[in-house]
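Each chain is listed here by its residues.
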Amino acid sequence: MLFPSALTAAALLTAQAAAHGAVTSYKLDGKDYPGYEGFSPSSGPKTIQRQWPDYNPTTSITDKKVMCNGGTSADLNASVPAGAKVRANYKQWTHQQGPVMVWMYKCSGDFKSCDGSGTNWFKIDQEGMTAPPLSGNSWGTAKVYKNLYWESTIPASLAPGNYLLRHELLALHQANAPQFYAECAQITVTGSGTKVPSGAFLAKIPGYAAQSDPGVTVDTYGSKATTYTCPGPAVWTG
C-alpha cells in the first residue's frame, strides 16, 4: 500500500509543477547563473537565487510569501554593472494574461541582514497589456509564455551596492483570483552611478497595492476595458 501512495504523491507534485512556473536560472551581464528547480531546491547547486519552496502561486498581495516566493536567503551573489542586461529564465510558464514586473531593493548592509522590509522596493521594468482585448495574448506574461525568459536593463545611473532583484509574474486568467509568482536574486551593482529612487517610486512588498486594485482584480474575460494599468508605482529609469 505504501508504494502506490508514494507514486500518487509524486504524480500530484508533478501535476502541480506543470501548472505553474518560476525563475529557474539567470543571465546577468552575459554570465549564466543557476537557480532552483523542482520541489527539492536544497539538492541543487549553490545559487544567487533566494530559495523558494514550490511552484505554487501566492494569492494575496499582503502575504509575506509574495516578496520572494518564500525565499529568505541565498548562498551566493552576482556582481553586475549598472546599465547591464539582466535576464530571468523559466523552464515553463502557462498563463498569457497578466503583467510582468521587475523590482529591485537596496540593502542597507550585507545580504544576510537584507530581509526586503520597509519602503525600499522600486520597479526597473514592467509590461502589462499592450493591445486589447484583455482576454488576448498581448501581455507581458504572454511573452514569457512564448520565449521563456524576461530581459531588462539595470538603470545606468543606479548607485552601487547590494540589491535584491525580483521578477514578478501576475497571472490574471481567473477573475478576482490573482496569482502572484515572484522570485528574488542577490546582486551587487557596480559602477559610478549616484542615483537611487525616492518618493512615489518606492513601495513595500508585501502590500505595494491593495487586493482590490483594478490591476489585481480585473476580469480579463468579462471586462470590456480596453486599457490596463499595472499595480504599484511607476517604473524608475534613473
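Scoring rules and cut-offs
- Residues numbered from 1 in each chain as written.
- Predicted model: local features only at pLDDT ≥ 70, side-chain atom pairs only at ≥ 80, totals over all residues.
- Heavy atoms only, no water.
- Helix = DSSP H or I, 4+ residues; strand = E, 2+ residues; numbered from the N terminus.
- Buried < 20%, exposed > 50% of the residue type's maximum accessible area, 1.4 Å probe, protein only.
- Pairing = 2+ DSSP bridges.
- Axes fitted to C-alpha atoms, helices over the stretch in contact; angles between N-to-C directions.
- Contact = heavy atoms within 4.5 Å.

- The protein chain appears in an unreviewed UniProt entry as Glycoside hydrolase from Lindgomyces ingoldianus.

## Describing unusual backbone geometry
Stage number 1. Residues proline 132 and proline 133 are joined by a peptide bond in cis, for which omega reads 5 degrees.
Stage number 2. In this fold, proline 133 is placed in the loop between β6 (121-127) and α2 (140-147).
Stage number 3. That bond from isoleucine 205 to proline 206 is cis: its omega, 5 degrees, falls within 30 degrees of zero.
Stage number 4. Topologically, proline 206 is positioned in the loop between β9 (179-190) and α3 (214-217).
Stage number 5. Backbone geometry at aspartate 29 places phi at a positive 50 degrees, although glycine is not the residue there.
Stage number 6. Mapped onto the secondary structure, aspartate 29 falls in the loop between β1 (23-28) and β2 (31-34).
Stage number 7. Using a relative accessible area of 43% as the deciding quantity, one classes aspartate 29 as partly exposed.

## Quick notes on the sheet that holds β1
Stage number 1. Pairing is antiparallel across the open sheet formed by four strands, whose spatial order is β2-β1-β4-β7. Two strands in the sheet have a free side with no partner beyond their single neighbour: β2 and β7 (149-153). Strand-to-strand twist of the sheet, defined as the mean angle between neighbouring strand axes without regard to direction, takes the value 20 degrees.
Stage number 2. Sheet analysis places strand β4 (residues 85-90) next to β7, joined by five bridges and oriented antiparallel. Paired with asparagine 89 across the bridge in β7 is tyrosine 149.
Stage number 3. Along the sheet face, α2 touches β4 and β7 and points at about 120 degrees away from the line of β7.

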